[in-house]
There are 2 protein chains.
Amino acid sequence: MRRKSFDDQACGIARSLEAIGDGWGFLILREAMFGVSAFDGFVERLGIPRNTLATKLDGLIAHGIMLKEPDQEDGRRSRYGLTPAGEELLVVLLALQQWGNKWRFGRKGPPSFMADRATRRPVSTLIVQDKDGTPLGLGDVTMIAGPSAPAALKRAFKKLPG
Amino acid sequence: MRRKSFDDQACGIARSLEAIGDGWGFLILREAMFGVSAFDGFVERLGIPRNTLATKLDGLIAHGIMLKEPDQEDGRRSRYGLTPAGEELLVVLLALQQWGNKWRFGRKGPPSFMADRATRRPVSTLIVQDKDGTPLGLGDVTMIAGPSAPAALKRAFKKLPG
DNA sequence: TATGAATAGTCTCATTATTAGACTTACAAC
DNA sequence: GTTGTAAGTCTAATAATGAGACTATTCATA
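Calculation notes
- Residues numbered from 1 in each chain as written.
- Chains lettered and ligands numbered in written order.
- Predicted model: local features only at pLDDT ≥ 70, side-chain atom pairs only at ≥ 80, totals over all residues.
- Heavy atoms only, no water.
- Helix = DSSP H or I, 4+ residues; strand = E, 2+ residues; numbered from the N terminus.
- Buried < 20%, exposed > 50% of the residue type's maximum accessible area, 1.4 Å probe, protein only.
- 1 Å grid on protein atoms, 1.4 Å probe; cavity = no way out; pocket = protein on both sides within 12 Å on 5 of 7 lines; lining within 4 Å.
- Points joined across faces, edges and corners; volume = space filled by probe spheres on them.
- Least-squares fit on C-alpha atoms with pLDDT ≥ 70 in both.
- Contact = heavy atoms within 4.5 Å.
- Polar contact = N/O pair within 3.5 Å; in protein donor to acceptor, adjacent residues only side chain to side chain.

Undergrad: Any details on unusual backbone geometry? Residues and values, ideally.
TA: All names here are of chain A. The phi torsion at Arg-120 lies on the positive side, around 60 degrees, for a residue other than glycine. Note that Arg-120 resides in the loop between β3 (112-116) and β4 (141-145). The exposure class assigned to Arg-120 is exposed, which follows from its relative accessible area of 51%.

This is the structure:
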């Protein structure tokens, strides 16, 4: 059966996931952000099957995250790059990386991290906080329906504790 | 064929994705963070097939993100909750939500957002920044190999532009 | 121009994952 | 006991993923 679409859900998280696609989508974005632009570049660095890559790239382009253009210097090549929307997914990758680096590498610590290119110091740790800068844990945060929320969503939030 | 594992990659992003699983994993976490704890609760709110949910929950538990315990008050129920590691994925969901809310809902704006439970003001926007608080764009950031990085990873980073 | 290599895909076929929905088991309420 | 609820499991159909061969186009070079 076809995978169920998340795009109908009135939720920014679901919409983002639908646009990125799946795990391959995130990894393709990681490579695109750090210099890869050629089809075979993604294949070599990720070990992704060629047909899967073609499908994923089409999806990312269709969702306005990546773009494709012919290479001016070599007519055999296409170049894949990030749109402005795609570039803004950096913060998502950073959040994933910081979590994985903290929880998934045990004692020996993370093998890589994002850093300021100029100072080579690690990027600041992302934190959930109030407008005043007060850190917020899970218990301090709630989900609120905006003006455009469908009635069903507002009902769903009513049922939430707190 | 079985989906290729991301877990061998020496990268926090890949490790996080391997632990969360796929799009369903993120959505299960979203529900768990905002009050759902029963098996049928996830089924009803997500529309996820029961067998898929069972598989995904097993994976999240195996990776130390969620936990399962019998309900003390009703012997029929199990309760699914987040571990401390799972709770810290809030920032990942927030990053996804803020991106989706900005880029995926057009003119009418986002239907929901995370807010401070007390003040009901939206949570602060996540930004990639230096330790000093200087905002960093994609061009200002690079990936650096840590002490535990395998040699192949260091070579890979050498090839990157900048 | 002819030849060979590089690049970006596409094609086939085998295997795995996802899905809908019925079914089972255990417990609770009456 | 009877009925209902909760948490899964099972089956069969369909879709996605995988490895690897293959094609088409363009470049480099003799």
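Undergrad: Break down empty space enclosed by the protein for me, citing the residues and quoting the values.
TA: Per the counting criterion, the structure on display carries 1 cavity of 30 Å³ or more. Estimated volume of the largest cavity: approximately 80 Å³. Looking at the largest cavity, the residues that line it are Leu-17, Ile-20, Gly-21, Asp-22, Gly-23 and Phe-26 of chain A together with Leu-17, Gly-21, Asp-22, Gly-23 and Phe-26 of chain B. Counting residues per element, the ones that place at least two in the lining of the largest cavity are α1 (12-20) and α2 (23-33) of chain A together with α2 (23-33) of chain B.

Undergrad: Could you give an account of the relation of the copies chain A and chain B, naming the residues involved and the relevant values?
TA: If you rotate chain A by 180 degrees and push it 0.0 Å along the axis, it lands on chain B with an RMSD of 0.0 Å. In short, the pair behaves as if placed about a two-fold rotation axis. Both copies present the same face, since 100% of the interface residues in chain A are matched by interface residues at the equivalent positions in chain B.

Undergrad: I'd like to hear about α2 of chain A, residue by residue, with values.
TA: All names here are of chain A. The buried fraction of α2 amounts to 11 of the 11 residues, a majority that puts the element mostly inside the structure. Listed in full, the buried residues belonging to α2 are Gly-23, Trp-24, Gly-25, Phe-26, Leu-27, Ile-28, Leu-29, Arg-30, Glu-31, Ala-32 and Met-33. For α2, the capping residue at the N-terminal end is Asp-22, with a side-chain oxygen 3.2 Å from the backbone nitrogen of Trp-24. Where α2 ends, the next residue or the one after it, Gly-35, has phi of about 115 degrees, a positive value.

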